[in-house]
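These are the residues of each chain, in order.
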Amino acid sequence: MEGREEDVKVGANRYRERQPIGTSAQTQDIKDYKEPPPAPLFEPGELTSWSFYRAGIAEFVATFLFLYITVLTVMGVVKAPTKCSTVGIQGIAWAFGGMIFALVYCTAGISGGHINPAVTFGLFLARKLSLTRAVYYIIMQCLGAISGAAVVKGFQKNQYERLGGGANMISAGYSKGSGLGAEIVGTFVLVYTVFSATDAKRNARDSHVPILAPLPIGFAVFLVHLATIPVTGTGINPARSLGAALIYNKDQAWDEHWIFWVGPFIGAALAALYHQIVIRAIPFKSK
């Protein structure tokens, strides 16, 4: 029979769709694209490069500003006698999503605009950056988050301690399993969006579809916050959770703190696996 041999090759779409849906997802030959080699685990040259250190500084400053604005927003909502008298949950979600949009836009050209250890971890698993850079970024993100929360507390110590300091906690009526699940799925949405919005192959293939990467990333953060603020206060960012918990430093902030590390890291790993194997089919090579 005609066309019997290798009608379908694993990991590759051999034939074009007759009616492409959305973008021309199957027309991979529109522009030449060569997959870059995976980043090495350790790259000694990075440690002697100023660009390496300024990238870490950019991550520190961005996470500092992120915590400063978002923690103040959360405290403002908690302080109000009724949610209607302030920005409410939607306002908190906009603050988180809007700040991510602005900060990713500002720092993407310097550090990649991670501003989140879970994002850094996911990109590391996909071999988009070295282990050296990943560890450095995570340290700088955590230090920036701690500093941002500390400045908020320094400005209004009594209110900070009375209003909870923006620390993530499992809400009453929800189990630890529910909180962990919310953090896993929420982080999956975020990291999956990061991979899709920054996919170099997609940009090369679908250049007729304009996309500003920080916009979908910020919007994903906004939507996840709308869904999970009632459950965990929405972590999906271990640095954000650590900074608020460390500066607030009450037992209730530490009781389930592990959830805000384990959940985001599992979600990021699943997103990296899904994007690399299913969306990009990178482990599969056609002849």
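This is a predicted model, so every value here is computed, not measured.

### Observations concerning the overall build of the chain
Summing up its helical and strand segments, the chain has 11 helices and 0 strands in all. Mapped from its N terminus to its C terminus, the chain presents α and β elements in the order α-α-α-α-α-α-α-α-α-α-α. Counting the 287 residues in the chain, one finds 45% classified as buried. Contacts in the chain between residues at least 24 apart in sequence constitute 78% of all its contacts with a sequence separation of at least 6. Summed over its atoms, the accessible surface of the chain is roughly 14,900 Å², and 62% of this surface lies on carbon and sulfur atoms.

### A short note on the packing of helix α4 (residues 131–155) against helix α9 (residues 238–248)
The interhelical angle for the contact between α4 and α9, taken along N-to-C directions, is 40 degrees, at an axis separation of 8 Å. Compared by their axis directions, α4 and α9 come out oblique. Once α4 is placed against α9, the crossing between them reads as right-handed. Residue-level contacts link Q141, C142, A145, I146, A149, A150 and K153 of α4 to A239, R240, L242, G243, A244, L246 and I247 of α9. By residue class, the composition of the contact of α4 with α9 is 10 nonpolar, 2 polar and 2 charged.

### Details of the confidence of the model for the chain
Per-residue confidence for the chain gives a mean pLDDT of 84, with 81% of residues at or over 70. The secondary-structure element of the chain with the lowest mean pLDDT is helix α7 (residues 200–205), recorded at 66, while helix α3 (residues 117–125) shows the highest, at 97. Here residues 1–30 is a poorly scored stretch, pLDDT under 50, and it has 29 contacts once near neighbours within four places are set aside; other chains count.

### Overview of the nonpolar core
F66, Y160, L190 and I217 are the most contacted members of the largest nonpolar core, which totals 55 residues. Excluding residues that lie within four positions of it along the chain, F66 makes contacts with F96, M99, I100, L103, I115, N237 and R240.

### Some points on the pattern of salt bridges
According to the stated counting rule, one finds 2 salt bridges in the structure shown. Note that K153 and E161 form a salt bridge whose closest N and O atoms lie 3.5 Å from each other.

### Observations regarding the packing of aromatic side chains
Applying the stated criterion across every chain, the model contains 13 aromatic pairs. Centre to centre, the rings of Y68 and F155 are 6.3 Å apart; their planes meet at 85 degrees, and the pair counts as edge-to-face. One end of the pair, Y68, is in helix α1 (residues 50–79); the other, F155, is in helix α4, with 87 residues separating them in the sequence. Exposure remark for Y68: the relative accessible area of 23% places this residue in the partly exposed category. When the centroid spacing of 5.3 Å and the interplanar angle of 75 degrees are considered together, the rings of Y192 and Y274 count as edge-to-face. Here the residue Y192 occupies a position in helix α6 (residues 176–197), and Y274 occupies one in helix α11 (residues 259–279), the gap between them amounting to 82 residues.

### Comments concerning a nonpolar patch on the surface
Residues L41, F42, L47, W50, Y53, I57, V61, L65, L131, V135, I139 and L143 make up a contiguous nonpolar surface patch of about 1,100 Å² in total accessible area. Going through the elements one at a time, α1 and α4 are the ones with two or more residues in the nonpolar patch. For L41, the position within the fold is in the segment before α1.

Parameters and conventions
- Residues numbered from 1 in each chain as written.
- Predicted model: local features only at pLDDT ≥ 70, side-chain atom pairs only at ≥ 80, totals over all residues.
- Heavy atoms only, no water.
- Helix = DSSP H or I, 4+ residues; strand = E, 2+ residues; numbered from the N terminus.
- Buried < 20%, exposed > 50% of the residue type's maximum accessible area, 1.4 Å probe, protein only.
- Contact = heavy atoms within 4.5 Å.
- Areas by Shrake-Rupley, 256 points an atom, 1.4 Å probe, with all protein chains shown as cover.
- Axes fitted to C-alpha atoms, helices over the stretch in contact; angles between N-to-C directions.
- Parallel < 35°, antiparallel > 145°, perpendicular 65-115°, else oblique.
- Left-handed = near helix turned anticlockwise from the far one by under 90°.
- Nonpolar A, V, L, I, M, F, W, Y, C, P; charged D, E, K, R; others polar.
- pLDDT = per-residue confidence, 0-100.
- Core = buried A, V, L, I, M, F, W, Y, C linked by side-chain atoms within 4.5 Å.
- Salt bridge = Lys/Arg side-chain N within 4 Å of Asp/Glu carboxyl O.
- Phe/Tyr/Trp six-rings, centres within 6.5 Å; stacked < 30°, edge-to-face > 60°.
- Patch = residues over 30% accessible without salt bridge, like charges linked within 9 Å, V, L, I, M, F, W, Y side chains within 5 Å.

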